[in-house]
Amino acid sequence: MSVRRPGKNGGRGTLIAAAAALLATFALPLTLPGVASAEVSPTAGGHAASPAADRAPARGNAYMGMGVLSHDGTGHAPVARREAAVTQTEGVDVSSHQGSVNWSALKGSGVKWAYVKATEGNYYKSTTFNQQYTGSYKAGLIRGSYHFATPDVSSGANQAEYFVAHGGAWSKDGKTLPGVLDIEWNPYGASCYGLSKSAMVAWIKDFTTTYKARTGRDAVIYTATNWWKQCTGNYGGFAKTNPLWVARYDSSPKPLPAGWGFQTIWQYTSTGATVGDHDKFNGAMDRLRALANG
């Protein structure tokens with residue numbers, strides 16, 4: 001083992017070591033991943049990303065059901081029962097993560113309808129929206145669009161207006177489903193976006209009221225029961241007006257959020273054929289067309 005001896009050279013070594021440590025201290029913030037981006041707001045007037053920004057996706061990358069597996073997990077696959085009282089009609093939901101979708105293959109497999117991500121917050125329109133929305137229509141599917149809510153960025157009314165202006169409008173053509181409010185775990189930070197339960201309910205009301213005023217339709221609400229309980233206090237007041245789309249990767253969609261006696265749509269898996277996310281509309285084609293027609 002080498003032994004350090006006091007003297008002139010030892011003092012110089014001490015000074016060099018101290019200088020190196022000081023330089024390393026100044027350099028540290030420049031080498032930590034995510035430090036610079038953690039303080040960048042996604043939009044004017046918006047909020048900064050969470051402190052865990054190095055692990056969070058970039059704004060705009062959220063998609064329907066993004067937090068379901070990590071928070072709720074997955075159970076058994078749905079079991080087809082011949083005695084089922086209501087026919088279930090297969091559908092899918094897609095975003096930019098699916099890219100160019102093979103709609104003809106989906107239709108050939110029995111898929112009858114699709115929802116396409118249009119917007120997120122008040123700062124992002126999906127780069128694949130036009131292709132996916134038009135492509136599904138040309139393939140003969142009934143389709144609609146959805147909005148991924150980020151209530152920490154702006155008001156519900158502001159995001160409803162943004163959604164309608166960037167793909168969320170509705171027309172009574174028998175091929176266009178009402179828009180969807182996707183409200184679920186925050187992929188960028190705190191699960192409930194920093195809102196209290198009452199403030200979250202107020203935000204959702206702001207969005208749905210504005211959306212109906214702009215389109216004449218009540219928005220479908222997509223959520224997961226556990227998130228709904230955690231972030232709205234299991235509020236039951238939307239059940240009379242807004243159809244429920246529940247996310248649960250198990251053999252049954254239940255339990256449902258308070259107020260809703262049944263789900264209109266059930267997202268039952270994230271690992272289905274071709275695109276991953278597959279869903280069941282709770283009714284036959286005539287009821288799906290009725291939802292489209294309003």
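Enquirer: So, the overall build of the protein chain: which residues are in play, and what are the values?
Expert: Secondary structure summary: the protein chain contains 8 helices and 9 strands in total. By the burial criterion, 45% of the 294 residues in the protein chain qualify as buried. Summarising the internal contacts of the protein chain: among those between residues at least 6 apart in sequence, 68% fall at separations of at least 24. Surface exposure of the protein chain reaches about 14,200 Å², of which carbon and sulfur atoms provide 56%.

Enquirer: Hey, could you go over the state of the cysteines for me, with residue numbers and the actual values?
Expert: Within the structure shown, the criterion is met by 1 disulfide. The side chain of C192 participates in a disulfide bridge whose partner is C231; the two sulfur atoms lie 1.9 Å from each other. An S-S torsion of about -75 degrees defines the bridge between C192 and C231 as left-handed. You can see C192 sitting in the loop between β5 (180–182) and α6 (197–215) and its partner C231 sitting in helix α7 (residues 225–232), a full 39 residues away along the chain. Of the residues examined, C192 reaches a relative accessible area of 13% and is grouped as buried.

Enquirer: Could you give an account of the pairing of strand β4 (residues 142–148), naming the residues involved and the relevant values?
Expert: On any regular strand, side chains alternate: one points to one face of the sheet, the next to the other face. Counting buried residues along β4, 7 of its 7 residues qualify, which places the element largely inside the surrounding structure. In β4, alternate side chains face the same way, and those of I142, G144, Y146 and F148 on one face and R143, S145 and H147 on the other are all buried. Pairing of strand β2 (residues 113–120) with β4, which is carried by 7 bridges, proceeds in the parallel orientation. Directly across from Y115, in β4, lies its bridge partner G144. Pairing analysis gives 3 bridges linking β4 to β5, with the strands arranged parallel. Bridged to F148 within β5 is D182.

Enquirer: Can you tell me about the pattern of salt bridges, naming the residues and giving the values?
Expert: Taken as a whole, this structure holds 6 salt bridges when the rule is applied. Between D152 and R59 there is a salt bridge; the shortest N-O distance is 3.1 Å. Of this pair, D152 sits in the loop between β4 and α5 (156–168) while R59 sits in the loop between α1 (8–31) and α2 (68–72); the two residues are 93 residues apart in sequence, bridging distant segments of the chain. For D152, a relative accessible area of 11% puts it in the buried group. By relative accessible area, which is 21% here, R59 ends up partly exposed. Of the charged contacts, one joins K280 and E90 as a salt bridge, the two residues approaching to 3.4 Å between their closest N and O atoms. Pair noted here: K280 is in strand β9 (residues 276–281) and E90 is in strand β1 (residues 89–94), with a separation of 190 residues, a long-range link.

Enquirer: Give a description of α6 that names residues and reports values.
Expert: When the terminal C-alpha atoms of α6 are compared, their 27 Å separation across 19 residues agrees well with the 27 Å that a helix rising 1.5 Å per residue should span. What α6 keeps buried is the set M200, V201, W203, I204, F207, T208, T210, Y211 and T215. At the exit of α6 stands G216, carrying a positive phi of roughly 85 degrees.

Enquirer: Could you give an account of the pairing of β2, naming the residues involved and the relevant values?
Expert: Where burial is concerned, most of β2 is hidden: 8 out of the 8 residues are buried. Bridge count between β2 and strand β3 (residues 124–125): 2 bridges; the pairing is antiparallel. Residue pairing for β3: T119 is matched across the bridge by K125. The hairpin formed by β2 and β3 contains 3 residues between the paired strands, and G121 there has a positive phi angle of roughly 55 degrees.

Enquirer: Explain helix α8 (residues 285–293) residue by residue, including any values.
Expert: Looking only at α8, the buried set comprises L288, L291 and A292. Projected down its long axis, α8 carries its buried residues within an arc of 100 degrees, all on one side. In this fold, the buried residues of α8 make contact with β1, β2, β4 and β9. At the C-terminal side of α8, G294 shows a positive phi close to 80 degrees.

Enquirer: Before we move on, can you summarise unusual backbone geometry with the specific residues and values?
Expert: For the bond running from K254 to P255, omega is 5 degrees, close enough to zero to count as cis. Along the chain, the position of P255 falls in the loop between β7 (244–247) and β8 (265–272).

Enquirer: Let's hear about the confidence of the model for the protein chain: which residues, and what values?
Expert: When pLDDT drops low, the exact placement of atoms in the prediction is not to be read closely. Taken over all residues, the pLDDT of the protein chain has a mean of 84, while the share at 70 or more is 78%. Confidence over residues 1–53 falls short of pLDDT 50; this stretch has 32 contacts with residues more than four positions distant or in other chains.

Enquirer: Please provide a residue-by-residue account of the side chain of T269, values included.
Expert: Examined against the element boundaries, T269 turns out to sit in strand β8. Polar side-chain contacts of T269 include one of 3.0 Å to the backbone nitrogen of T271. Once you skip the residues sitting within four places of it in the chain, T269 turns out to touch Y249, G276, D277 and H278.

Enquirer: Requested: an account of the packing of α5 against α6, with residues and values cited.
Expert: Two elements in contact, α5 and α6, have axes separated by 7 Å at closest approach and are oriented at 40 degrees. When the interaxial angle is binned, α5 and α6 end up oblique. Judged by the sense of rotation from one axis to the other, the crossing of α5 with α6 is right-handed. Only W203, D206, F207, T210, Y211, R214 and T215 of α6 make contact with α5, whose side of the interface consists of G156, A157, Q159, A160, E161, F163, V164 and G168. Among the residues making up the contact of α5 with α6, the classes are represented as 7 nonpolar, 5 polar and 3 charged.

Criteria and thresholds
Residues numbered from 1 in each chain as written. Predicted model: local features only at pLDDT ≥ 70, side-chain atom pairs only at ≥ 80, totals over all residues. Heavy atoms only, no water. Helix = DSSP H or I, 4+ residues; strand = E, 2+ residues; numbered from the N terminus. Buried < 20%, exposed > 50% of the residue type's maximum accessible area, 1.4 Å probe, protein only. Contact = heavy atoms within 4.5 Å. Areas by Shrake-Rupley, 256 points an atom, 1.4 Å probe, with all protein chains shown as cover. Disulfide = S-S within 2.5 Å. Pairing = 2+ DSSP bridges. Salt bridge = Lys/Arg side-chain N within 4 Å of Asp/Glu carboxyl O. Expected span 1.5 Å × (residues − 1). Arc of directions from axis to C-beta. pLDDT = per-residue confidence, 0-100. Polar contact = N/O pair within 3.5 Å; in protein donor to acceptor, adjacent residues only side chain to side chain. Axes fitted to C-alpha atoms, helices over the stretch in contact; angles between N-to-C directions. Parallel < 35°, antiparallel > 145°, perpendicular 65-115°, else oblique. Left-handed = near helix turned anticlockwise from the far one by under 90°. Nonpolar A, V, L, I, M, F, W, Y, C, P; charged D, E, K, R; others polar.

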